[in-house]
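Breakdown of the fold
Here is what each chain is made of, one letter per residue.
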Amino acid sequence: MADAPHSSFGAEPLVSDVASHAASIGITRFHIGQSYMEWDARAAAIFDAGHDDRPALEIWHSRVHPDDTDVLRTLYGDARASIGAECIYRIIDRNSIIRHVLTRSVSIEHAPDGSPSVLTGVVSLVVPPAEPQLDLMPEARWSRILDGVSLGFAIVDEAMVLQYINTQTERHLGVSRAEVVGRHMHEALPVTAGSYFDDLHREAITTRGEVTRVVQALFIPGRTLEVTANYVDGVVAISFRDVTDFAATTSSLLEAYRELLVKSRVDDLTGVLNRAALLERIERTTAETAAPAAVLFIDLDDFKTVNDTYGHLVGDKVLRTTAARLVAICDSGTVFGRIGGDEFVAALFDDTLLGRTRSAADVERDMIIATSSPIDVVDGQVSVSISIGVAHNTGASTLEELLTQADIALYKAKQSTASNRTDSPPYS
């Protein structure tokens, strides 16, 4: 049977450049008595079924190259007689592209009278060798195509008895085909008992469809596999591929994305929420619970003098230290962030976690005390003070209104601080 296809291979005007041994193996089930074919999603894709509502057998017939029908008749006869019958034939997709498909029979079910009733086969897109390999007989050349695919492939029945495994699966499991085929998976491979294989097998049967999981390999520690189970009329086709490198790359990208996301929400200098994230967090908390009870607008007094006297490096340290001291006063009911320059905002929500609500006056007092200690710098110490404007929620205030009221209150507080300031220098 293996050499039959060669007589029909000729120079074609248009042949696909599908990669050899594409990572897609489909499964087909042909019911002989009913002349009825079923296939899984991968086989349907190979034969370009698309949204075609016709029966699978009719679509298959419409795709087969007319010059290869004799090849398939021979295959059918061979498949009825023994497992392992195979050939390569051509199909023509809806875009008139010619593709080559390898088909192999992997299971034969028999009727009570002993005649074959259901033929199970696997199909895969391949690119045939351009020239015969002189060191191999045709049988050996073609029989190795399916075994040479990089995708691991196995077929089990509904009772989880292994019907077939390809060479890649033999290598992965570290067993030969003869050792496991015909045995229950748990018996042949005890480590699979209670593993993801059970879940995949059960779900594929329950859904009558395709189920995919990304899992840690049972037989090769440290490797990550993408395992897919397809159900087709009484059997489950299980395929797997090693995605360790892809998973590692994806994990790195996700970590980089998370880091970027965090950085995009955090003020680079002080480490607290930046303006955009601060306002978004207040709005989201308001939507999830209730509006803040109060908003505090906080500003460092005469911060420009710090920068002019000591330089921006010292000014940056003063901002960082002040932000850390203010954050230390905040509890789980407070949303705190830097709104710009030397200005910070704290929104006080009912602290449902602690079962109590801190008053704005308490928070204001604690913040003023916490920031009053001198800050150590290279040439000595710098003392700074803060002014705070408080806006209380009267029950109908929007965030914008609260911020405006707090800003006005801050302006009044700074005026009061300036009028009460002594002549003694604030910096030492």
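This one's a predicted model, so the numbers in the text were calculated from it and none came from an experiment.

Mapped onto the secondary structure, N230 falls in strand β9 (residues 224-232). Judged by its relative accessible area of 4%, N230 is buried. Among all residues touching N230, those that are not within four sequence positions of it are D40, A41, R42, G209, E210, V235, V236 and A237.

With respect to topology, five strands assemble into an open sheet ordered β2-β1-β5-β4-β3, the strand pairing being antiparallel. Only two strands of the sheet have a single neighbouring strand rather than two, namely β2 (36-39) and β3 (86-92). Across the sheet, the axes of successive neighbouring strands diverge by a mean angle of 30°, strand direction being ignored. As paired elements, strand β4 (residues 98-110) and strand β5 (residues 116-126) share ten bridges and run antiparallel to each other. Considered in β5, the bridge of S107 is made with T120. Docked against the sheet, helix α2 (residues 56-63) engages β1 (25-31), β2 and β3, running at close to 90° with respect to β2. Running over the sheet, helix α3 (residues 69-81) touches β1, β3, β4 and β5 and is turned about 140° from β3.

What follows covers the environment of F219. Following the sequence through the fold, F219 ends up in the loop between β8 (210-216) and β9. Along the sequence, F219 and G174 sit 45 residues apart, while their C-alpha atoms lie 8.2 Å from each other. Ignoring sequence-local partners within four residues, the contact set of F219 consists of H172, L173, L189, V191 and T192.

Moving on to the pairing of β5. Of all eleven residues in β5, ten are buried; the element is thus mostly enclosed. In this structure, β1 lies alongside β5, joined through seven bridges in antiparallel fashion. Across the sheet, I25 pairs through a bridge with S124, a residue of β5. Counting the residues between successive antiparallel strands, the hairpin from β4 to β5 contains five residues, one of them, G114, with a positive phi of roughly 95°.

The subject of this paragraph is the sheet that holds strand β13 (residues 343-348). Sheet architecture is open: four strands sit in the order β12-β13-β11-β16, paired in antiparallel fashion. Every interior strand has two partners, whereas the edge strands, β12 (334-340) and β16 (386-392), have only one. Each adjacent strand pair in this sheet contributes to an overall mean axis angle of 20°, direction not counted. Relative to β13, β12 runs antiparallel, the two sharing six bridges.

Moving on, we get to α3. Its 13 residues give α3 an end-to-end C-alpha distance of 19 Å, which sits within 8% of 18 Å, the value for a rise of 1.5 Å per residue. Buried within α3 are the following residues: V71, L72, L75 and A79. Within α3, the buried residues cover an arc of 90° as seen down the axis, which keeps them to one side. Residues of α3 that are exposed and point over 90 degrees away from its buried face: D70, R73 and A81. Contacts from the buried residues of α3 go to α2, β3, β4 and β5.

Moving on, we come to the confidence of the model for the protein. Overall, the prediction assigns the protein a mean pLDDT of 79, with 79% of residues at 70 or greater. Taken together, the stretch residues 131-143 has pLDDT below 50 and engages in 20 contacts with residues farther than four places along the chain or on a different chain. Long-range and interchain partners of residues 422-428, a stretch whose pLDDT sits below 50, account for nine contacts in this model, where long-range means more than four residues apart.

The phi dihedral of D48 falls on the positive side, at around 55°, and the residue is not glycine. Relative to the helices and strands, D48 resides in the loop between α1 (41-46) and α2. Accessibility expressed as a relative area gives 18% for D48, which makes it buried. One non-glycine residue, S96, lies in positive phi territory at about 65°. Position of S96 among the secondary structure elements: in the loop between β3 and β4. Look at S96 and you get partly exposed, because its relative accessible area is 49%.

The next thing to look at is the pattern of salt bridges. Across all of its chains, the model carries 18 salt bridges by this definition. Put simply, D199 and R202 hold a salt bridge, and the shortest N to O gap is 2.5 Å. In this pair, D199 and R202 are both assigned in helix α8 (residues 196-207), three residues apart and thus about one turn of the helix distant. Residue R202 is classed as partly exposed on the basis of its relative accessible area of 48%. Residue R365 pairs with D366 through a salt bridge whose shortest N-O separation is 3.4 Å. In this structure D366 comes out as partly exposed when scored by relative accessible area, which is 23%. The structure contains a network of salt bridges with shared partners spanning D52, R54 and E58.

To continue, consider the environment of R338. As for its placement among the helices and strands, R338 is situated in strand β12. We classify R338 as buried; its relative accessible area is 14%. Considering only alpha carbons, one finds R338 and R275, 63 residues apart in sequence, at a separation of 6.0 Å. Those residues within four positions of R338 in sequence are excluded, and the remaining contacts are D267, L269, T270, V272, L273, N274, R275, L319, E343 and F344. In terms of polar contacts, R338 uses its side chain to reach the side chain of D267, at 3.1 Å.

Calculation criteria
Residues numbered from 1 in each chain as written. Predicted model: local features only at pLDDT ≥ 70, side-chain atom pairs only at ≥ 80, totals over all residues. Heavy atoms only, no water. Helix = DSSP H or I, 4+ residues; strand = E, 2+ residues; numbered from the N terminus. Buried < 20%, exposed > 50% of the residue type's maximum accessible area, 1.4 Å probe, protein only. Contact = heavy atoms within 4.5 Å. Pairing = 2+ DSSP bridges. Axes fitted to C-alpha atoms, helices over the stretch in contact; angles between N-to-C directions. Expected span 1.5 Å × (residues − 1). Arc of directions from axis to C-beta. pLDDT = per-residue confidence, 0-100. Salt bridge = Lys/Arg side-chain N within 4 Å of Asp/Glu carboxyl O. Polar contact = N/O pair within 3.5 Å; in protein donor to acceptor, adjacent residues only side chain to side chain.

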